[in-house]
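Inside the fold
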Amino acid sequence: MTFGDGIFDEKPVSQLGNFSKVRVPESLVSEGKLQEQSWCLIELRNGWWEVFYYERGSRTEDLGRTNNRRAALRLLGGRLLYTDILNRAPRPAADD
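A brief look at the structure comes next. (Residues numbered from 1 in each chain as written. Predicted model: local features only at pLDDT ≥ 70, side-chain atom pairs only at ≥ 80, totals over all residues. Heavy atoms only, no water.)

Here we look at the pattern of salt bridges
Per the stated rule, a full pass over the model turns up five salt bridges. We note a salt bridge from Arg69 to Glu31, for which the minimum N-O separation is 2.7 Å. Pair noted here: Arg69 is in helix 2 (residues 69–88) and Glu31 is in strand 1 (residues 29–31), with a separation of 38 residues, a long-range link. Residue Glu61 is joined to Arg79 by a salt bridge in which the shortest nitrogen-to-oxygen separation is 2.6 Å. You can see Glu61 sitting in strand 4 (residues 58–66) and its partner Arg79 sitting in helix 2, a full 18 residues away along the chain. Judged by its relative accessible area of 26%, Glu61 is partly exposed. The class for Arg79 is partly exposed, based on a relative accessible area of 27%. When salt bridges that share partners are traced, they join Glu50, Arg59, Asp62 and Arg65 into one network. (Salt bridge = Lys/Arg side-chain N within 4 Å of Asp/Glu carboxyl O. Helix = DSSP H or I, 4+ residues; strand = E, 2+ residues; numbered from the N terminus. Buried < 20%, exposed > 50% of the residue type's maximum accessible area, 1.4 Å probe, protein only.)

Here it is in C-alpha coordinates:
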(Lines give C-alpha, C1' and ligand atoms only; values in the text may rest on other atoms or scores of the structure.)
Protein backbone atom coordinates (compact mmCIF):
# COMPACT_ATOMS: atom_id res chain seq x y z
CA MET A 1 0.00 0.00 0.00
CA THR A 2 1.31 3.45 -0.89
CA PHE A 3 0.50 6.85 0.51
CA GLY A 4 -2.90 8.01 -0.70
CA ASP A 5 -4.29 4.58 -1.59
CA GLY A 6 -8.04 4.55 -1.10
CA ILE A 7 -8.21 8.24 -0.28
CA PHE A 8 -10.73 8.88 -3.03
CA ASP A 9 -12.99 6.14 -1.68
CA GLU A 10 -13.52 7.90 1.65
CA LYS A 11 -16.39 10.20 2.51
CA PRO A 12 -15.48 13.89 2.50
CA VAL A 13 -16.19 14.22 6.22
CA SER A 14 -13.71 11.44 7.05
CA GLN A 15 -11.07 13.09 4.92
CA LEU A 16 -11.69 16.52 6.45
CA GLY A 17 -11.09 15.00 9.88
CA ASN A 18 -7.81 13.54 8.64
CA PHE A 19 -6.62 16.73 6.94
CA SER A 20 -7.76 19.41 9.37
CA LYS A 21 -8.28 17.53 12.65
CA VAL A 22 -11.69 19.19 13.00
CA ARG A 23 -14.78 17.09 13.57
CA VAL A 24 -17.45 17.89 11.01
CA PRO A 25 -21.07 16.68 11.07
CA GLU A 26 -21.90 14.76 7.89
CA SER A 27 -24.92 16.99 7.34
CA LEU A 28 -22.60 20.01 6.97
CA VAL A 29 -20.76 18.77 3.84
CA SER A 30 -22.17 17.67 0.50
CA GLU A 31 -20.13 16.30 -2.37
CA GLY A 32 -21.44 16.30 -5.90
CA LYS A 33 -24.81 17.90 -5.18
CA LEU A 34 -26.31 21.05 -3.77
CA GLN A 35 -27.63 20.72 -0.24
CA GLU A 36 -29.21 23.45 1.86
CA GLN A 37 -27.12 24.83 4.73
CA SER A 38 -24.05 22.85 3.69
CA TRP A 39 -20.56 23.28 2.36
CA CYS A 40 -20.68 21.89 -1.18
CA LEU A 41 -17.82 20.36 -3.14
CA ILE A 42 -18.87 20.19 -6.77
CA GLU A 43 -16.75 18.78 -9.60
CA LEU A 44 -17.21 20.75 -12.80
CA ARG A 45 -17.21 19.24 -16.29
CA ASN A 46 -13.68 20.49 -16.91
CA GLY A 47 -12.36 18.57 -13.87
CA TRP A 48 -12.05 21.56 -11.55
CA TRP A 49 -13.74 21.61 -8.12
CA GLU A 50 -15.73 24.46 -6.59
CA VAL A 51 -16.13 24.84 -2.83
CA PHE A 52 -18.89 27.03 -1.44
CA TYR A 53 -21.58 27.35 1.23
CA TYR A 54 -25.13 26.90 -0.06
CA GLU A 55 -28.26 28.16 1.66
CA ARG A 56 -31.63 29.59 0.69
CA GLY A 57 -31.15 28.38 -2.87
CA SER A 58 -27.91 30.20 -3.57
CA ARG A 59 -24.22 30.37 -2.79
CA THR A 60 -23.58 32.60 0.15
CA GLU A 61 -19.84 32.13 0.51
CA ASP A 62 -17.41 31.00 -2.20
CA LEU A 63 -14.17 29.53 -0.91
CA GLY A 64 -12.66 29.02 -4.33
CA ARG A 65 -11.93 26.68 -7.18
CA THR A 66 -9.22 24.03 -7.29
CA ASN A 67 -7.97 21.57 -9.86
CA ASN A 68 -8.42 18.40 -7.78
CA ARG A 69 -10.56 16.90 -5.04
CA ARG A 70 -7.82 16.72 -2.44
CA ALA A 71 -7.10 20.44 -2.81
CA ALA A 72 -10.84 21.17 -2.51
CA LEU A 73 -10.98 19.18 0.71
CA ARG A 74 -7.96 21.00 2.08
CA LEU A 75 -9.47 24.34 1.15
CA LEU A 76 -12.63 23.50 3.06
CA GLY A 77 -10.66 21.92 5.91
CA GLY A 78 -8.65 25.11 6.31
CA ARG A 79 -11.82 27.16 6.51
CA LEU A 80 -13.36 24.82 9.09
CA LEU A 81 -10.16 24.81 11.16
CA TYR A 82 -10.02 28.61 11.06
CA THR A 83 -13.64 28.82 12.24
CA ASP A 84 -12.97 26.23 14.96
CA ILE A 85 -10.00 28.26 16.23
CA LEU A 86 -12.06 31.46 16.29
CA ASN A 87 -14.86 29.73 18.17
CA ARG A 88 -12.42 28.50 20.83
CA ALA A 89 -10.64 31.80 21.32
CA PRO A 90 -11.27 33.42 24.70
CA ARG A 91 -13.65 36.34 24.52
CA PRO A 92 -12.88 39.59 26.31
CA ALA A 93 -14.95 40.05 29.44
CA ALA A 94 -17.81 42.52 29.14
CA ASP A 95 -17.38 45.63 31.26
CA ASP A 96 -19.92 45.79 34.05
